[in-house]
Amino acid sequence: MNSKSQEIFEVSKEKYVISGINVGMILRKGGIIETQAQKYIKDFEGYPQIVIGINDGRLAFENAKTPSLSLLESEYMLTGAKFCEELIAFDGFMLHSSAVVYENKAYLFSAPSGTGKSTHTTIWRRVFGEDKTFILNDDKPVIRIVDGKVLAFGTPWSGKTDHNENVGVPLQGICFVERSETNRIMPMSPKDAIHRLLDQTLRPQNGENMSKLLDLLDKVLSSVKVHTLQCNMEDEAAIVAYNGMNK
Amino acid sequence: MKVKKDYMLRSVAGYAVVVPVGEGAMNFNGVINLNDSGAFLWKTMENDVTEEQMVAALLDEYDVDEERANADVAAFIKKMREANLIDD
């Protein structure tokens with residue numbers, strides 16, 4: 001038995017509203033997710049629409065598969081995966097990306113880890129103003145269709161940073177980021193966009209949820225433009241991206 | 001023969017895409033794009049069919065001669081077999 005599983009945590013049981021969904025979570029006090037979810041605590045009437053909690057046995061079992069993680073890191077991952085799995089029933093999915101909000105529109109920048117998603121949204125904040133922009137979520141914002149509109153939401157699963165806000169904002173555009181010497185933005189064909197979006201989300205294992213995800217992507221792609229952004233780390237990168245997504 | 005059950009064909013943004021689910025996703029984590037006739041032939045293979053039945057279905061649906069239909073179906077089946085997507 002892994003010695004980590006002997007650690008004892010106090011538990012918190014709270015009501016949260018995340019991405020406009022009523023969520024009940026049972027979390028280990030002082031854990032990453034319990035800490036980052038503080039600002040999502042909100043009372044609601046009736047039963048939660050989603051319930052999330054990882055019991056000690058399951059946590060120890062899953063943690064043993066990735067021993068380099070602490071128990072609380074595993075809890076963070078597992079609760080995020082659970083939320084992602086349940087989210088599809090509410091017309092939502094999580095996209096591995098950094099999301100910045102400017103002029104009440106959300107811009108999502110997705111790429112494999114280490115490409116510079118967060119670096120790019122940091123440039124947006126510098127160029128367009130720290131007071132006029134904010135990071136909606138730095139790692140896994142939710143894209144969700146609410147009343148026919150495609151919105152991006154912050155979630156407490158925001159990666160290494162606690163950069164996330166509990167709001168939903170109209171989604172203006174998605175960019176897949178590539179590093180380059182010069183700055184250029186190009187529309188991506190829906191065919192390529194499907195591949196890239198599926199690569200950067202947690203794919204449902206069961207057929208029913210996969211079917212729902214594909215229907216959802218179909219709807220999202222009919223109203224949101226997807227681009228390839230080749231960019232460097234200069235101010236111009238943000239301006240090129242902004243102009244390309246506001247044509 | 002029929003297509004393996006662990007794959008799902010859907011139209012997304014006007015494109016026919018095939019994605020693996022369940023056990024299929026363990027072996028292959030990509031996306032397959034099909035053109036119009038490819039998607040049509042895939043659908044015929046969702047139920048158990050023979051090559052002759054597929055040719056007949058293609059002739060019924062598309063304005064092609066028999067020789068071309070035979071060749072197209074054979075080529076499609078070959079590709080499907082290479083990708084290990086068929087249960088016999």
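Note that the coordinates shown come from a computational prediction; the quantities given were computed from them, not determined experimentally.

Trainee: Describe the nonpolar core, naming the residues involved and giving the relevant values.
Mentor: With 36 residues, the main nonpolar core has Phe93(A), Ala106(A), Leu108(A), Ile143(A), Leu171(A), Ile174(A) and Leu198(A) as its most contacted residues. With seven residues, the single largest contributor to this core is helix H6 (residues 207–223) of chain A.

Trainee: Explain the packing of aromatic side chains residue by residue, including any values.
Mentor: All names here are of chain A. In total, this model carries ten aromatic pairs over all chains according to the counting rule given. For the pair Phe83 and Trp157, a centre-to-centre distance of 5.0 Å together with 20° between the ring planes defines the contact as stacked. Taken together, the positions of Phe83 in helix H3 (residues 71–87) and Trp157 in the loop between strand E9 (149–153) and strand E10 (168–179) put the pair 74 residues apart, joining distant regions of the chain. Taken as a pair, Phe83 and Trp157 share a single burial class, namely buried.

Trainee: Quick one: what's the story with the sheet that holds strand E1 (residues 11–18) of chain A, residue by residue and with numbers?
Mentor: Residue and element names in this part refer to chain A. Across the sheet, three strands lie side by side as E1-E2-E3; this open sheet has mixed pairing. With partners counted over all chains shown, the strands left at the sheet margins are E1 and strand E3 (50–53), one partner each. Adjacent strand axes in the sheet meet at a mean angle of 20° when their direction is disregarded. Here strand E2 (residues 21–28) runs beside E3; their pairing, made up of four bridges, is parallel. Its bridge partner lying in E3, Gly24 is registered against Val51.

Trainee: Now, about helix H7 (residues 235–244) of chain A: what can you tell me, with residues and values included?
Mentor: All of the buried residues along H7(A) are Ala237(A), Ala238(A), Ala241(A), Tyr242(A) and Gly244(A). For H7(A), the buried positions fall inside an angular range of 165° around the axis, keeping them on one side.

Trainee: An account of the pairing of strand E6 (residues 105–110) of chain A is needed here, citing residue identities and associated values.
Mentor: Residues and elements named next belong to chain A. By the criterion of burial, E6 is predominantly enclosed, with five of the six residues buried. In terms of strand pairing, strand E5 (residues 97–102) meets E6 through six bridges, oriented antiparallel. Note on E6: the bridge partner recorded for Ala99 is Leu108. The loop that links E5 with its antiparallel partner E6 comprises two residues; one of these, Glu103, has a positive phi angle of about 55°.

Thresholds, definitions, all that
Residues numbered from 1 in each chain as written. Chains lettered and ligands numbered in written order. Predicted model: local features only at pLDDT ≥ 70, side-chain atom pairs only at ≥ 80, totals over all residues. Heavy atoms only, no water. Core = buried A, V, L, I, M, F, W, Y, C linked by side-chain atoms within 4.5 Å. Buried < 20%, exposed > 50% of the residue type's maximum accessible area, 1.4 Å probe, protein only. Helix = DSSP H or I, 4+ residues; strand = E, 2+ residues; numbered from the N terminus. Phe/Tyr/Trp six-rings, centres within 6.5 Å; stacked < 30°, edge-to-face > 60°. Pairing = 2+ DSSP bridges. Axes fitted to C-alpha atoms, helices over the stretch in contact; angles between N-to-C directions. Arc of directions from axis to C-beta.

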